[in-house]
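Structural overview
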Amino acid sequence: MIKTLIVDDEAHCINRLLHLIERRPNTFEVIETCRTVKTALEAVKNNELDLVFLDIEINDKTGFDFLRQVEHIHFNTIFTTAFNNYAIKAFKYSAFDYLMKPIDVDEFNESIERLIGKMAQNQKNNQVKALLENVERPQPNLLTVSSVDGFETIPIADIIHLEASGNYTYLHTKDTEKIVSKPIKFYEDLLDKGNFFKCHKSHLIKLDQVKNYHKGKQAYVIMSNGNQVPIAVRRKEEFLGKFDI
């Protein structure tokens, strides 16, 4: 049973979650429902929890105010929000799950299945730290990716280029290379287009990590780690424009 806390200042939103929870018998144990940050903090202090459904705007406070005041994050968090532009990129950068209101039953079930798959992870404090840092910056500087043991935060500044491999992506950084379980389109949409450029259907490069450009029928660049990355013919003009050439 997933020991669960619901934090939302609107009764009908709490009732919607309770309804969805009831449709999955023997999955949840709802410990408490709270309509203020203060009562939610008390509930966390007094209970062992596995999951918090956390509203973004809670009266005159936010879910981020709540997280900042929890000394030790011993639970998973699924954000709920009615604002489709409210910190959504920060959630994605930090690998946090979120549900848009009104909450759809299929999206709810998909989120819970993802949660069940990662319940063994125990690095939640670091994940929250990455989220709060990303929320407070116009352009987040940390990317959180899943790993075998949980997750890992990677400075955006350390990324050199990304390479598609089916529904996975090879992430090349200054220190390492890793494969992550997201398609390259996810990162194309997420990463700042002022710094990253889709030079080929399978490649996304960080422009300040380009060391050399080689023209020709099959143009390519050499990145700072020595890797050669092709430039598609239809992308060549736009690429050169990034360097005022």
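A few points on the structure. (Residues numbered from 1 in each chain as written. Predicted model: local features only at pLDDT ≥ 70, side-chain atom pairs only at ≥ 80, totals over all residues. Heavy atoms only, no water.)

**Observations concerning the overall build of the protein**
Across its full length, the protein carries eight helices and 17 strands. In terms of overall dimensions, the protein has a C-alpha envelope of 65 × 35 × 30 Å along the principal axes. Expressed as a percentage of the 245 residues in the protein, the buried residues total 46%. When contacts within the protein are restricted to residue pairs at least 6 apart in sequence, long-range pairs at least 24 apart make up 55% of them. (Helix = DSSP H or I, 4+ residues; strand = E, 2+ residues; numbered from the N terminus. Buried < 20%, exposed > 50% of the residue type's maximum accessible area, 1.4 Å probe, protein only. Contact = heavy atoms within 4.5 Å.)

**Digging into the nonpolar core**
If you look at the biggest cluster of nonpolar residues, it comprises 27 residues, and the most contacted ones within it are Phe66, Leu67, Phe75 and Phe79. Listing elements by their share of this core, those giving two or more residues are strand E1 (2-7), helix H2 (37-46), strand E3 (51-55), helix H3 (63-69), helix H4 (88-93) and helix H6 (124-135). Top element by residues in this core is H2. It accounts for five residues. Among all residues touching leucine 67, those that are not within four sequence positions of it are Leu54, Ile73, Phe75, Thr77, Phe79, Val128 and Leu131. (Core = buried A, V, L, I, M, F, W, Y, C linked by side-chain atoms within 4.5 Å.)

**With respect to the sheet that holds strand E15 (residues 210-214)**
Strand pairing in a sheet relies on backbone hydrogen bonds. The paired strands run either parallel or antiparallel. Spatially, E15-E16-E17 is the arrangement adopted by the three strands of the open sheet, whose pairing is antiparallel. Of all strands in the sheet, those with a lone pairing partner are E15 and strand E17 (228-230), marking the two edges. Taking each pair of neighbouring strands and ignoring which way they run, the sheet shows an average axis angle of 25°. Alignment of strand E16 (residues 220-223) against E17, held across three bridges, turns out to be antiparallel. (Pairing = 2+ DSSP bridges. Axes fitted to C-alpha atoms, helices over the stretch in contact; angles between N-to-C directions.)

**Considerations on the packing of aromatic side chains**
The final tally for this structure, using the stated rule, is nine aromatic pairs. Consider the rings of phenylalanine 186 and tyrosine 187, whose centres lie 5.1 Å apart with planes at 85°: the pair is edge-to-face. Judged by centre distance (6.0 Å) and plane angle (40°), the rings of phenylalanine 197 and phenylalanine 239 are tilted. Of this pair, phenylalanine 197 sits in strand E13 (residues 196-200) while phenylalanine 239 sits in helix H8 (residues 233-242), and the two are 42 residues apart along the sequence. In this pair, the class of phenylalanine 197 matches that of phenylalanine 239, namely buried. Members of the aromatic cluster, joined through ring pairs, are Phe197, Tyr213, Phe239 and Phe243. In this arrangement the basic side chain of lysine 182 is found over the ring face of phenylalanine 186, its NZ or CZ atom lying 4.9 Å from the centre. (Phe/Tyr/Trp six-rings, centres within 6.5 Å; stacked < 30°, edge-to-face > 60°. Lys NZ or Arg CZ within 6 Å of the ring centre and 35° of its normal.)

**Notes on the sheet that holds strand E6 (residues 76-81)**
With parallel pairing, five strands are arranged side by side in an open sheet as E2-E1-E3-E6-E7. Because the sheet does not close on itself, it has two edges, and the strands there are strand E2 (28-34) and strand E7 (97-100). Pairs of neighbouring strands in the sheet enclose a mean axial angle of 20°, with direction left out of account. Relative to E2, E1 runs parallel, the two being bridged by six bridges.

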